[in-house]
Amino acid sequence: MFALHSVPPHSASMQLQQALVAIVYPNEAYPQSTFERIVEDCRARDVRIAGVLQHPVCSDAAGHCDVALEDLTTGKRTNLFEDRGTGAEGCRLDVAALAAVNGQVARSLDGDPELLVLNKFGKVEVEGRGLLDLIAIAVERGVSVVIG
């Protein structure tokens with residue numbers, strides 16, 4: 001296995017091996033710039049990528065931030081949290097939005113990417129839902145995976 005950043009630029013004679021890489025980080029120290037660099041480096045090397053990048057969406061004066069996922073194939077961004085109004089409590093995750101993103105990325109895996117990037121791996125994935133099935137699909141197809 002290898003870390004993608006240590007691989008020399010693509011050549012026709014180079015055979016990449018499949019890798020499964022997890023970027024582990026402490027709470028409140030999300031490695032956004034690391035994932036952005038991975039995506040930038042892949043694009044600069046013409047590596048075919050699929051997956052999502054997580055982006056903070058800060059919309060209120062209190063500094064409350066939600067999350068949008070950017071589909072790396074289409075560039076489409078999907079907000080993952082519902083605005084349920086003031087006083088609402090509990091999880092605001094928009095499960096339908098997450099399912100839509102899952103479907104978009106699953107379709108992009110049909111385009112024969114070399115790398116799947118999922119820098120969103122949270123509570124719903126730990127519970128066996130969310131974007132977890134995308135990892136299994138990628139591994140089954142021999143696509144390298146980077147998750148956070």
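Residues numbered from 1 in each chain as written. Predicted model: local features only at pLDDT ≥ 70, side-chain atom pairs only at ≥ 80, totals over all residues. Heavy atoms only, no water.

For soluble globular proteins, the rule of thumb is that nonpolar side chains tend to be buried together. If you look at the biggest cluster of nonpolar residues, it comprises 21 residues, and the most contacted ones within it are Leu 69, Leu 116, Leu 118 and Leu 131. Counting residues per element, the ones that place at least two in this core are strand 2 (49-58), strand 3 (65-71), helix 2 (95-108), strand 5 (115-118), helix 4 (132-141) and strand 6 (144-147). When residues in this core are grouped by element, the largest group, 4 residues, is from helix 2. The residues touching Leu 69, leaving out its near neighbours within four places in the chain, are Val 52, Leu 53, Gln 54, Lys 76, Arg 77, Thr 78, Leu 80, Leu 98, Val 101, Lys 120 and Leu 131. (Core = buried A, V, L, I, M, F, W, Y, C linked by side-chain atoms within 4.5 Å. Buried < 20%, exposed > 50% of the residue type's maximum accessible area, 1.4 Å probe, protein only. Helix = DSSP H or I, 4+ residues; strand = E, 2+ residues; numbered from the N terminus. Contact = heavy atoms within 4.5 Å.)

As a further point, take the pattern of salt bridges. Going through the model one piece at a time under the given rule, you end up with 4 salt bridges. Arg 77 is paired through a salt bridge with Glu 70; the nearest N and O atoms lie 3.8 Å apart. Overall, the relative accessible area of 14% leaves Glu 70 in the buried class. Residues Arg 141 and Asp 110 are paired through a salt bridge, measuring 3.0 Å at the closest nitrogen-oxygen approach. Here Arg 141 is found in helix 4, whereas its partner Asp 110 is found in the loop between helix 2 and strand 5, with 31 residues between them in sequence. By relative accessible area, Arg 141 is classed as partly exposed at 44%. (Salt bridge = Lys/Arg side-chain N within 4 Å of Asp/Glu carboxyl O.)

With the rule as written, the count across this model stands at 2 aromatic pairs. With 4.9 Å between their ring centres and 80° between their planes, Tyr 25 and Tyr 30 make a pair best called edge-to-face. Seen from their ring centres, Tyr 30 and Phe 35 are 6.1 Å apart, and the 15° between their planes marks the pair as stacked. For Tyr 30, a relative accessible area of 25% puts it in the partly exposed group. The structure contains a cluster of three or more aromatic residues connected by ring pairs, namely Tyr 25, Tyr 30 and Phe 35. (Phe/Tyr/Trp six-rings, centres within 6.5 Å; stacked < 30°, edge-to-face > 60°.)

This part takes up the pairing of strand 5. Residue alternation in strand 5 divides its side chains into two sets, Leu 115 and Val 117 and Leu 116 and Leu 118, and both sets are buried. In this sheet, strand 5 lies alongside strand 2 in parallel orientation, the contact comprising 4 bridges. Bridged to Val 52 within strand 5 is Leu 118. Taken together, the 4 bridges between strand 5 and strand 6 define a ladder with parallel strand orientation. Across the sheet, Val 117 pairs through a bridge with Val 146, a residue of strand 6. (Pairing = 2+ DSSP bridges.)

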